[in-house]
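Single-letter residue listing:
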Amino acid sequence: MSPTREPVVDGWFTAEGGEFRLLGTCCRDCGAVYFPREDAFCRAPGCAGTELAEVPLSRRGRVWSYTDGRYRPPAPYPSDPERTWRPYTLIAVELAAERMVVLGQGAPGVTLADLAVGMEVEVVPGVLAEEDGRTLTTWHWRPVPEEGPVPDERSVPDERPVPGEAS
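(A) Spatial organisation of the overall build of the protein chain. A tally of regular secondary structure across the protein chain gives zero helices and 10 strands. Counted from the first residue to the last, the protein chain has its helices and strands arranged as β-β-β-β-β-β-β-β-β-β. A buried classification covers 34% of the 167 residues belonging to the protein chain.

Below is the structure:
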């Protein structure tokens, strides 16, 4: 029997329509966006709004900061002490449209050497742990593959003479 897949936290992400997205909430009065979601009231100073709508967050953002976790986190983080510990990357990603930074693990195989502040990353589904016949799902960030080189519009060499050289 295959493990049952369940989100680590209900309502924080979705894969509806085949597109994986983080879910936040947006205040209908002032437009402030929250992640993790806020369902009770708007926390923006000066706003008394209480109507918050669920909104999908941007799939892509830019690395704001990053580091690695080289220690086994304490409970309640799911971690089998019998298994070999593997360091993981933590990436803080700025979502410009939402004006926020969202923290998450790098996708498996993403190392510090693969990251740079300002580079584009995208949110993808991930697995936090497998325990008791369950697969606990979460989100990960992974670098967006760079497009091939953009052709240089100045493909013809500059014909101006170089100072100090005979023409």
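(B) Representation of the nonpolar core. Of all hydrophobic cores here, the largest spans 20 residues; its most connected members are L22, F35, L95, V102, W139 and W141. Those elements that provide at least two residues to this core are strand 7 (88-95), strand 8 (100-106), strand 9 (120-131) and strand 10 (134-143). Listed in part, the six residues of the second largest apolar core include C27, A32, C42 and L52.

(C) Expanded view of the pattern of salt bridges. Throughout the structure, instances matching the rule amount to 10 salt bridges. Here R21 makes a salt bridge to E19, at a shortest N to O gap of 2.8 Å. In the salt-bridge network here, residues are joined through shared partners; they are R60, E120, E122 and R142.

(D) Representation of the packing of aromatic side chains within the structure. The full count for this structure, using the stated rule, is six aromatic pairs. Here F13 and F20 contribute two aromatic rings whose centre-to-centre distance is 5.4 Å and whose plane-to-plane angle is 35 degrees, an arrangement assigned as tilted. This pair shows no difference in class: F13 is buried, exactly as F20 is. Here the aromatic rings of W85 and Y88 are separated by 5.7 Å at their centres, their planes lie at 85 degrees, and the arrangement is edge-to-face. The partly exposed category is assigned to W85, whose relative accessible area is 23%. Here a set of aromatic residues connected by ring pairs shows up, and it is made of W12, F13, F20, F35 and W139.

(E) Focus on unusual backbone geometry. Put simply, F35 and P36 share a cis peptide bond, and its omega is 0 degrees. Along the chain, the position of P36 falls in the loop between strand 4 (33-34) and strand 5 (52-56). Its identity as a non-glycine residue notwithstanding, R99 has a phi of 55 degrees, on the positive side. Within the secondary structure, R99 sits in the loop between strand 7 and strand 8. Among the residues examined, R99 registers a relative accessible area of 77% and is labelled exposed.

(F) The pairing of strand 10, seen in detail. Extensive coverage of strand 10 is indicated by the burial of seven of its 10 residues. Here four bridges tie strand 1 (residues 4-7) to strand 10, and the two strands are oriented parallel to one another. Looking at the pairing, T4 lines up with R134 of strand 10. Strand direction decides the pairing type here: strand 8 and strand 10, joined by two bridges, are parallel. Within strand 10, the residue paired with G106 across the bridge is W141. Bridging between strand 9 and strand 10 involves 10 bridges; their strand directions are antiparallel. Paired with E130 across the bridge in strand 10 is T135. Connecting the antiparallel pair strand 9 and strand 10 is a turn made up of two residues, with D132 showing a positive phi of about 50 degrees.

Conventions and cut-offs
By convention here, each chain's residues receive numbers from 1 onward along its written sequence. With pLDDT at 70 or above as the cut-off, local features in this predicted model cover only qualifying residues; side-chain atom pairs require 80 or more to be listed or tallied, and sums for whole chains, interfaces and linings still use all residues. Only hydrogens and water are removed before side-chain values are computed, so all heavy atoms of the structure are retained for them. Secondary structure elements follow DSSP: runs of H or I of four or more residues count as helices, runs of E of two or more count as strands, with numbering from the N terminus. Each residue's exposure class comes from its accessible area (1.4 Å probe, protein chains only) as a fraction of the maximum for that residue type: buried when under 20%, exposed when over 50%, partly exposed otherwise. We call a set of buried residues a nonpolar core when its members are Ala, Val, Leu, Ile, Met, Phe, Trp, Tyr or Cys and they connect through side-chain atoms within 4.5 Å of each other. Any Lys or Arg side-chain nitrogen located within 4 Å of an Asp or Glu carboxyl oxygen qualifies as a salt bridge. Stacked, edge-to-face and tilted are the three classes for Phe, Tyr and Trp ring pairs, Trp counted by its six-membered ring, which pair at centre distances within 6.5 Å; planes under 30 degrees apart are stacked, over 60 edge-to-face, the rest tilted. A pair of strands is considered paired only if DSSP assigns at least 2 bridges between the two.

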